[in-house]
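Listed here are the chains, written in short residue letters.
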Amino acid sequence: MGAPPTPAADRAPARPGPRVPAADRAMARPRRRLAAAAAALVALVAVGAGSLLDLRTPAPRPTGAPTDEFSAGRAYENVKIIAARTHPAGSPANEQVRAHVEQVLRGLGMETQVQDTVAPEAGQLSGAAGGATLARVRNVVARLPGTDPTGRVFLVAHYDSVQTGPGGNDDAAGTSTILEVARALAAGPRPRNDIVFVLTDAEEACLCGAAAFAASHPLAADGGVVLNLEARGSTGPVIMFETSRNNAKLVDVFARAAPHPVGTSFAVEIYRALPNDTDFTAFLDKNFVGLNSAYIDGGAIYHTPLDTPAAMDRASLQQHGDNALGLAREFGRTDLTDLRAGGDASYFPVPGGLVHYPGWLTLPLALLALAAVVAVGWLARRRGRTTGGRLAAGFGLALVPIVAAPLAAQLLWAAVTAIRPGYAELLDPYRPIWYRLAVLALAAAVLFTWYALTRRWIGPAALAIGGLGWLAALGVLLAVAVPGGAYLTTLPALAGALAGLIALGTRVDGPWPVVAVTVAGAVGVVILLPTVVLLFPALGMAMGGVAALVAVLLGLAALPVVDLLHPQAGGQRGLVAARARRLGALPAVAAVVAALVLAGVGLRVDRFDAAHPAPTHLMYALDAGTGQARWLSHEAEPQPWTDRYVDGVQSVADDFPGLGDGDLRTGPAPAANLPAPKLEVLADSGPGAERTLRVRLTPQRPVRLATLHVDSATATVLRAEVAGRAVPVEARAGRWGFGVVFHAPPAEGVEVTLTVTPKAERVELRAMDASDGLAELPGFQPRPADVGIVGSHSSEMLAVARTYPV
């Protein structure tokens, strides 16, 4: 269908030469194109800089800060004590940390107690490859009584560390934050509601401390509001990344009470879909409400020996404390009786605060954005800026960068990891900024190349509307499937459509179209740029394609501004047209060069050395019954240091069921003189249709965990109790049909009662325990300075197992 006559107000300035085709009409054709492009870019850069500056962490306050304020300097003194050395649950070092935490809280005049118990009673929160998981835990619990309570506010962090590092950030940051918040609250007026400080044990092992408190502590009986504090890195803004369901009122409190509110409903949706857990999970399972917060950048040191107090960014600690104190005070005076009303909210950070709106608006806004984009397409066709066929082509072709940019980012990282295989064992490189910039440059290169190739044939207006069409369509899809993430595309699409209507309703060569598309681009920058920045540390470079996808969506939202970087479309012939095409290719070429240079700089700068060692994983497993030992590693492609120990791949589930049933790299090892855990039969009901065995499993050396498994060929387990507590009986595939994993076993051992249906005269039980540290083993050679330990719960594990026929 031909275009209708162009109204005089929409005509470009008269010039000699052929009439400009409708397909080449743009949303904006400013007379001074270079000046307009510069002004639009400066505006978007300024808006982007403001958005990123708003994510900055606050300056840490010194030890001399006012007593009613949070001081990172004061909190850091506790960090140095808590993270002085590695302290996994059950270790003597962890007992010293517990004693320090208890002493600090008692010194503040708090009602303080230690919950010493075995948990959980039933059900598994984090799960274990070896079977039902329990632990002996010692939670430190203190209470600041309220004046007229409507409920309780719980500040939660775990004080134990992994076995591979001292936990300077994870979670000495959360524990020290709570101690400093407790001090500030105790120094001020009493709150209306009870404030309970819960420092949990065995989070790293199984979330068992939080499970014990939420399930059985008297203070938890009526539920309440939980503020869980975590860290999964060493720096960056503190992100409120998880909430309970129906979070609208919680988000409203967060927006007004947290001095530095960084959080997105999109992050909540992502986290709910991932198989990750923190102590917060245990409270959600018991119907508490609350917020979960952490700083997550600097993930290369996560769970490694490098997670020391010195590695901590005290500005991140300050933000943790400022937010926790502000929220504790606000929830401390708020009526807590009805915090679940209102459903889930959509929210995201903007300069100066947090935008939030009711979740019920999500789908209507998405449909409105879609209708607005359709209206822009109709009006653009009516005004002669494009045709129906070109609109359809623009929409179809706009899918190309949406698919190509994430794919290119993943291929880039595959190439980088092929050059530097050690990255595969890290959450993120030690110095990831260069690689992150390379991904953004690559996404820009894809977008600019696509635009340069299609602009001449499809036209700027059709491509811009096509891009908005995908933003709107994705908004509807997200509103249905992932409502908390719909704002990412709905709001930029709506802003772009409104800008399109303004541009089409005013003179194409006047200032208003440029102003309109620049404002729409600024909306996209405010919403999408912080998301890109936060996605990199959240997902790591291995999933950099997600950040590239969001970056391309930002580019589509700002496509009319991108068009201003190109020569004016339409009407050129011969050498003029060729020159215009060359100029239009410059942004794409510059972006490609930038991506390659930045990736090269990353490889050059982020090399493994003594301060940034290559991560390696190694375990040792000894069968005390046969005297056979082996080295084990979960590295898919072993590093050169690991490769000297392992030479094949196999499952060790039959010999070491406590290690799980996955394939591992293995290699022969010298047998060490180490005792297996002792198994004593305390009672045996004897032969019959059911047989009840009561045994005691006692490690013969200091260990972190102990396991017991039943050979399914000799008996079927009907019921089981561990330390007097019933545990779920779930059949597992393979030889060992039932198993128990017990973390932090006491020196006197653990009693296990099994009621079984016997299948043979003797029931075979496989006992295993595991400690940490390989340095004293025969055949072990210390790592060179530039070789480190990967952050894994099985790194440096030393397991000893034996089968006992009963």
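Everything numeric in this text was worked out from a predicted model, so none of it was measured.

### As for the confidence of the model for the protein
Looking at the protein as a whole, the pLDDT averages 92, with 94% of positions reaching at least 70. Within the model, pLDDT remains below 50 along residues 1–24, and this stretch shows 44 contacts once partners closer than five positions in the same chain are excluded. Considering only residues more than four positions removed or in separate chains, one finds that residues 121–127, a stretch of pLDDT under 50, has 20 contacts.

### Observations concerning helix H4 (residues 172–186)
Taking 1.5 Å of rise per residue, 15 residues should cover 21 Å, and H4 covers 21 Å from first to last C-alpha, within 8% of that figure. Burial analysis of H4 places 14 of its 15 residues in the buried class, the great majority of the element.

### Regarding the packing of helix H2 (residues 72–82) against helix H3 (residues 92–107)
The contact between H2 and H3 brings their axes to 10 Å, and the two run at 155°. In terms of orientation, H2 and H3 fall into the roughly antiparallel class. Every residue of H3 that contacts H2 at Asn78, Ile81 and Ile82 is listed here: Val97, His100 and Val104. Of the residues that constitute the contact of H2 with H3, the class distribution is four nonpolar, two polar and no charged.

### Comments concerning the packing of helix H14 (residues 433–458) against helix H17 (residues 511–539)
Two numbers describe how H14 lies on H17: the axes approach to 11 Å, and their chain directions differ by 130°. In terms of orientation, H14 and H17 fall into the oblique class. Regarding H14 and H17, the two cross each other, and that crossing is right-handed. Residues Arg436, Val439 and Leu440 of H14 pack against Val532, Phe536 and Pro537 of H17. Here the contact of H14 with H17 is composed, by residue class, of five nonpolar, no polar and one charged.

### Points about the packing of aromatic side chains
One pass over the full model with this rule turns up 19 aromatic pairs. Between the aromatic rings of Phe348 and Tyr487, the centroid separation amounts to 4.8 Å while the plane-to-plane angle is 15°, which identifies the pairing as stacked. Taken together, the positions of Phe348 in strand E8 (residues 345–350) and Tyr487 in helix H16 (residues 487–504) put the pair 139 residues apart, joining distant regions of the chain. No difference in accessibility class separates Phe348 from Tyr487, as the two residues are buried. Pairing Trp413 with Tyr435 gives two aromatic rings, centres 5.3 Å apart and planes at 75°, and the pair type is edge-to-face. Of this pair, Trp413 sits in helix H13 (residues 399–419) while Tyr435 sits in helix H14; the two residues are 22 residues apart in sequence, bridging distant segments of the chain. Grouping residues by exposure puts Trp413 and Tyr435 together as buried. An aromatic cluster is defined as three or more aromatic residues linked by ring pairs; in this entry it consists of Trp413, Tyr423, Tyr430, Tyr435 and Phe608.

### Structural notes on the pairing of strand E11 (residues 619–623)
When a strand is regular, its side chains alternate between the sheet's two faces. Counting buried positions over the five residues of E11 gives five, a clear majority of the element. Residues Met619, Ala621 and Asp623 line one face of E11 and the alternating positions Tyr620 and Leu622 line the opposite face, and both faces are buried. Pairing analysis gives five bridges linking E11 to strand E12 (residues 628–633), with the strands arranged antiparallel. Bridge assignment links Ala621 to a residue of E12, and that residue is Arg630. Between E11 and E12, which pair antiparallel in sequence order, lie four residues; one of them, Gly627, sits at a positive phi of approximately 80°. Examined bridge by bridge, E11 and strand E24 (residues 797–805) share four bridges and lie parallel to one another. Across the sheet, the residue bridging to Tyr620 is Leu798, located in E24.

### Describing the sheet that holds strand E15 (residues 678–684)
Here five strands make up an open sheet; going across it, the order is E15-E16-E21-E18-E19 and the pairing antiparallel. Each edge of the sheet is formed by a strand with only one pairing partner; in this case those strands are E15 and strand E19 (725–726). Here six bridges tie E15 to strand E16 (residues 691–698), and the two strands are oriented antiparallel to one another. From the neighbouring strand, Leu679 faces E16, where its bridge partner is Leu697.

Conventions we followed
Residues numbered from 1 in each chain as written. Predicted model: local features only at pLDDT ≥ 70, side-chain atom pairs only at ≥ 80, totals over all residues. Heavy atoms only, no water. pLDDT = per-residue confidence, 0-100. Contact = heavy atoms within 4.5 Å. Helix = DSSP H or I, 4+ residues; strand = E, 2+ residues; numbered from the N terminus. Expected span 1.5 Å × (residues − 1). Buried < 20%, exposed > 50% of the residue type's maximum accessible area, 1.4 Å probe, protein only. Axes fitted to C-alpha atoms, helices over the stretch in contact; angles between N-to-C directions. Parallel < 35°, antiparallel > 145°, perpendicular 65-115°, else oblique. Nonpolar A, V, L, I, M, F, W, Y, C, P; charged D, E, K, R; others polar. Left-handed = near helix turned anticlockwise from the far one by under 90°. Phe/Tyr/Trp six-rings, centres within 6.5 Å; stacked < 30°, edge-to-face > 60°. Pairing = 2+ DSSP bridges.

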